[in-house]
Amino acid sequence: GILASRALLHYCFAGILLADLLLIAASLIALKRNRLKTAVAAGLTSIWLAGVALGVTERDVFPKDHLHSLLVGNKFPLGELVAFDACISEEIERRPQYNLLTVELHGIRIKDQWIPARGKALLRMPIMQVEDDDSLPAENLHYGDRMRGWAEWTTPRNFHNPGGNDWVESLVGRDIF
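Predicted model, so just to flag it, every value in this text is computed and none were measured.

Cut-offs applied
- Within every chain, residues take consecutive numbers counted from 1 along the sequence as written.
- Only residues with pLDDT of at least 70 are given local features in this predicted model, and only at 80 or more are side-chain atom pairs given and counted; all residues enter the totals for whole chains, interfaces and linings.
- The side-chain values count all of the structure's non-hydrogen atoms but skip hydrogen atoms and water molecules.
- Two distance rules govern patches: like charges are joined within 9 Å, and nonpolar side chains (Val, Leu, Ile, Met, Phe, Trp, Tyr) within 5 Å, applied only to residues with over 30% relative accessible area and no salt bridge.
- Accessible areas in this description were obtained via Shrake-Rupley with a 1.4 Å probe; residue shielding takes into account the shown protein chains only.
- By salt bridge we mean one thing: a side-chain nitrogen of Lys or Arg within 4 Å of a carboxyl oxygen of Asp or Glu.
- Only DSSP runs of H or I reaching four residues or more are called helices, and only runs of E reaching two or more are called strands; each is numbered from the N terminus.
- For every residue, the accessible area obtained with a 1.4 Å probe (protein chains only) is divided by the maximum for its type, and the residue is called buried under 20%, exposed over 50%, and partly exposed between those limits.
- The contact criterion used is simple: two residues touch if any of their non-hydrogen atoms lie within 4.5 Å.
- Cavities and pockets were defined on a 1 Å grid built over protein atoms only: a cavity is a set of grid points that admits a 1.4 Å probe from which the probe cannot escape, a pocket is an open set flanked by protein on both sides within 12 Å along at least five of seven lines, and lining residues are those with an atom within 4 Å of any such point.
- Grid points are joined across faces, edges and corners, and a volume is the space filled by probe spheres set on the points.
- Ten residues, namely Ala, Val, Leu, Ile, Met, Phe, Trp, Tyr, Cys and Pro, are considered nonpolar, four, namely Asp, Glu, Lys and Arg, are considered charged, and the remaining ones, Gly among them, are considered polar.
- Put simply, buried Ala, Val, Leu, Ile, Met, Phe, Trp, Tyr and Cys residues joined by side-chain atoms within 4.5 Å make one nonpolar core.

Q: Got a minute to help me understand a nonpolar patch on the surface in this structure?
A: Together, Leu-21, Ile-24, Leu-28, Leu-31 and Leu-36 make up a nonpolar patch on the protein surface, roughly 490 Å² of accessible area in all. With 4 residues, helix H1 (residues 13-32) is the single largest residue contributor to the nonpolar patch. Inspection of the secondary structure assignment puts Leu-21 in helix H1. Given the relative accessible area of 56%, Leu-21 is considered exposed.

Q: Looking at this structure, how should I read the side chain of Ser-46?
A: The residue Ser-46 is located in helix H2 (residues 36-60) in this model. In contact with Ser-46, other than residues within four places in its own chain, are Asp-20, Leu-23 and Ile-24.

Q: Before we go on, may I ask you to explain the layout of surface pockets in this structure?
A: Any space left empty among the atoms is revealed by the rolling of a water-sized probe across them. The space that makes up the largest pocket amounts to roughly 720 Å³. Contributing to the lining of the largest pocket are 32 residues, with Leu-100, Leu-122, Leu-123, Arg-124 and Thr-154 lying nearest its centre. Residue assignment for the lining of the largest pocket shows that the elements contributing at least two residues are helix H3 (67-72), strand E3 (98-110), strand E5 (120-126), strand E6 (146-152) and helix H4 (167-173). With 6 residues, E6 is the single largest residue contributor to the lining of the largest pocket. In the lining of the largest pocket, the residues fall into 21 nonpolar, 4 polar and 7 charged. Estimated volume of the second largest pocket: approximately 340 Å³. Residue lining of the second largest pocket: Leu-9, His-10, Arg-59, Asp-60, Val-61, Phe-62, His-68, Glu-169, Val-172, Gly-173, Asp-175 and Phe-177, and that is the complete set. Listed by contribution, the elements that provide at least two residues to the lining of the second largest pocket are H2 and H4. Partitioned by chemical class, the residues of the lining of the second largest pocket number 5 nonpolar, 3 polar and 4 charged.

Q: Help me understand unusual backbone geometry in this model?
A: Across the chain, the bulk of peptide bonds are trans and the bulk of non-glycine residues have phi less than zero. Its identity is not glycine, yet Asn-34 carries a phi of approximately 60 degrees, on the positive side. Looking at the element boundaries, Asn-34 is found in the loop between H1 and H2. With a relative accessible area of 66%, Asn-34 lands in the exposed category. The phi angle at Asp-175 is positive, at roughly 65 degrees, despite the residue not being glycine. Take Asp-175: it is sitting in the segment after H4. Residue classification places Asp-175 among the partly exposed residues on the basis of a relative accessible area of 31%.

Q: Where do I start with the side chain of Asp-20 in this structure?
A: When you line up the elements, Asp-20 lands in helix H1. When its relative accessible area of 10% is taken as the criterion, Asp-20 is described as buried. When near neighbours in sequence (up to four residues on either side) are disregarded, Asp-20 contacts Ser-46, Leu-49 and Ala-50.

Q: Can you walk me through the nonpolar core in this structure?
A: Soluble globular proteins: nonpolar side chains tend toward being buried together. Membership of the largest hydrophobic core comes to 21 residues, with the highest contact counts inside it found for Phe-84, Leu-101, Val-103, Leu-105, Leu-123, Met-147 and Trp-153. For this core, the secondary structure elements donating two or more residues are H3, strand E1 (81-88), E3, E5 and E6. Residues contacting Leu-123, with those up to four places away along its chain left out, are Phe-84, Asn-99, Leu-100, Leu-101, Val-103, Met-147, Ala-151 and Trp-153. The next biggest cluster of nonpolar side chains, apart from the first, holds 5 residues, and it includes Ile-16, Leu-49, Val-52 and Val-56.

Quick look at the structure:
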């Protein structure tokens, strides 16, 4: 069951638990009616399904300081400037008007307190030119650099193009929230 949970990408946890309870009940009823083969089959299937439930729970759990947990608990402020401490975790995608950075967060500042925060996020940094045609020092960032700054954070969204790639799902697969 635990190994089978790896193949399960989308699921309803309550549905898994309900199916498991129904299998346990069916096993008990079959045992009461002296249908031993049916009772054993339903009992073993319920044990297998409990392993699936355990596997998806273990796989999909996030620590309290993980970005996913902070977003789900509404503890990560969205749509407002937030101070952050991070490290660039992938090569920078350089585009004509902005650079797209994937950063591994180390902490965020809410009010006057730094809160530990782990997990990856996308950071869009506009390209700005100074008057003497030199790039700002922020343009010289590279993979592995540590950075602190202020950013307005939002959650990634899909563009709902028919037949298009599910961008949010691909980011979640890369552990980016």
